[in-house]
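Okay, here's what each chain looks like letter by letter:
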Amino acid sequence: MTKRITILGSTGSIGESTLDLVRRAAPDELQVVALTANSNAKKLAEQAIEFDAEFVALADSNNADTLKNALSTTKTEIGIGPEALIEAANRQADFCMAAIIGAAGLQPTLAAIDQGNHVGLANKECLVCAGDLFMKRVADRGATLLPVDSEHNAIFQVLEIDKPEGIRRLILTASGGPFRETPMNKLLSVTRKDALAHPVWEMGAKISIDSATLMNKGLELIEASYLFNRPSAEIDIVVHPQSIIHSMVEYIDGSVLAQLGSPDMRTPIAYAMGWPNRMHAPVERLDFSKLNGLTFFEPDTTKFKALRLAREALEAGGKAPCVLNAANEVAVKAFLQEKIAFLDIPRVVEGALNKHASRSCFGTSPCEIDEIITTDTEARNTAHEQIVSL
Ligand code: NAD
Ligand code: MG
């Protein structure tokens, strides 16, 4: 039976890898329902034509004409503006890939969850900023959440989910990013280009910077806590520069189960899109005779303060993860625009967290979307103030 696929954020790195799998699937195996993008109308139109999409949504209205002109001779329907992304998510599909970057993906992803279908979750920020609401919605709507982030996908593959009492801890692996061996004093002057050059993974700009600060691992710690319902104390992080082991679960009998594979996102994407079956992914196969040494280190949370801040935000609970995420999005954008230095990123996040903690002690976890949007907006404003005062 043909599986109907929607991709939120189809023009990004995860979106394109997902479409690569669709392109290589057998005819009639997968059919594209809806595709969405922020502003890249040209790429969205090309994708719509190649995959004969039923509907496309472009968030940024400035490029609407480009999209309309490019698709004028096709049957593809077009929606413009943020509400069109919700319409894309509402279209009847069997699998929706949530691959928008940042908290901007929250409402479209919730709309996909409301359909009660299978949702592949790459967009970790929407879970970080609204974890409790998000997981409650998944349960209430009977949706199936399939983690796409490689670490969470690995854990999902080896987790004995129906026997939680046997689980001792989750172990997230981290590549360590491009600055794993860079001394602290040299981090003062690293550039945008240095930070974007990830040694193992090819990804979008925001997650590449998050990987360089290790905030990515911090967001993933919070993501794992919500996805697998485990407290901070039961989630460890280990640096594993080769990125062959994608994460592990330790059981009370001392067994450790790991998922291994080449560092290629098409493996976790295929796992999520094919679930409960396996589908082929054209990735490099592991050759154990050529794997000369898998190494593991403790992360340095003095050098990479962002990781410590994320753990503290998870432990503080309430609105803290939402504040952390919003402030980080603002700081990363400012760094990418070369307005602040690399080490200013965690400084801005810490400043925003401190300001919110002194005002509200983070309160309880927001369970209404309006409360999340308000917290997110306030935290962004605080982060901008921090940047001005640097
Ligand atoms: P990307 O920047 O390459 O692509 C982001 C996509 O979201 C694009 O299609 C863009 O048009 C869309 N988008 C951006 N801002 C938007 C907005 N305001 N409104 C609507 N759409 C918007 O990002 P990516 O690297 O593909 O990452 C996507 C998500 O997957 C992120 O949450 C990231 O953390 C996660 N993830 C990515 C990887 C990876 O290898 N790239 C691995 C694990 C998890
Ligand atoms: Mg990851």
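Residues numbered from 1 in each chain as written. Chains lettered and ligands numbered in written order. Predicted model: local features only at pLDDT ≥ 70, side-chain atom pairs only at ≥ 80, totals over all residues. Heavy atoms only, no water.

### Side note on the site of ligand 1
Around ligand 1 lies a shell of 23 residues, among which Thr11, Ser13, Ile14, Asn38 and Glu125 are the nearest. One of the backbone nitrogen or oxygen atoms of glycine 12 is found 3.1 Å away from an oxygen atom of ligand 1. At a separation of 2.6 Å, an oxygen atom of ligand 1 approaches a polar side-chain atom of glutamate 125. Summarising the interface, the protein chains cover 86% of the accessible area of ligand 1, which totals 830 Å² for the free molecule. Secondary structure elements with two or more residues in the shell around ligand 1: helix 1 (13–24) and helix 6 (124–129). Of the residues that constitute the shell around ligand 1, the class distribution is 12 nonpolar, eight polar and three charged. (Near = heavy atom within 4 Å. Polar contact = N/O pair within 3.5 Å; in protein donor to acceptor, adjacent residues only side chain to side chain. Areas by Shrake-Rupley, 256 points an atom, 1.4 Å probe, with all protein chains shown as cover. Helix = DSSP H or I, 4+ residues; strand = E, 2+ residues; numbered from the N terminus. Nonpolar A, V, L, I, M, F, W, Y, C, P; charged D, E, K, R; others polar.)

### Description of the coordination of the magnesium ion (ligand 2)
Within the first shell, the magnesium ion (ligand 2) binds the protein through Asp149 (OD), Glu151 (OE) and Glu220 (OE), at distances of 2.1 to 2.2 Å. Mapping the donors of the magnesium ion (ligand 2) onto the primary sequence yields the spacing D-x1-E-x68-E. (Donors = N, O, S within 2.8 Å, 3.2 Å for Na, K, Ca; no water.)

### Topic: the sheet that holds strand 6 (residues 118–121)
The strand order across the open sheet built from seven strands is 4-3-2-1-5-6-7, with neighbouring strands paired in parallel fashion. Of all strands in the sheet, those bounded by a partner on one side alone are strand 4 (77–80) and strand 7 (144–147). Direction aside, neighbouring strands of the sheet carry axes that sit 20° apart on average. Note: strand 1 (residues 3–8) against strand 5 (residues 95–98), four bridges, orientation parallel. Looking at the pairing, leucine 8 lines up with alanine 98 of strand 5. (Pairing = 2+ DSSP bridges. Axes fitted to C-alpha atoms, helices over the stretch in contact; angles between N-to-C directions.)

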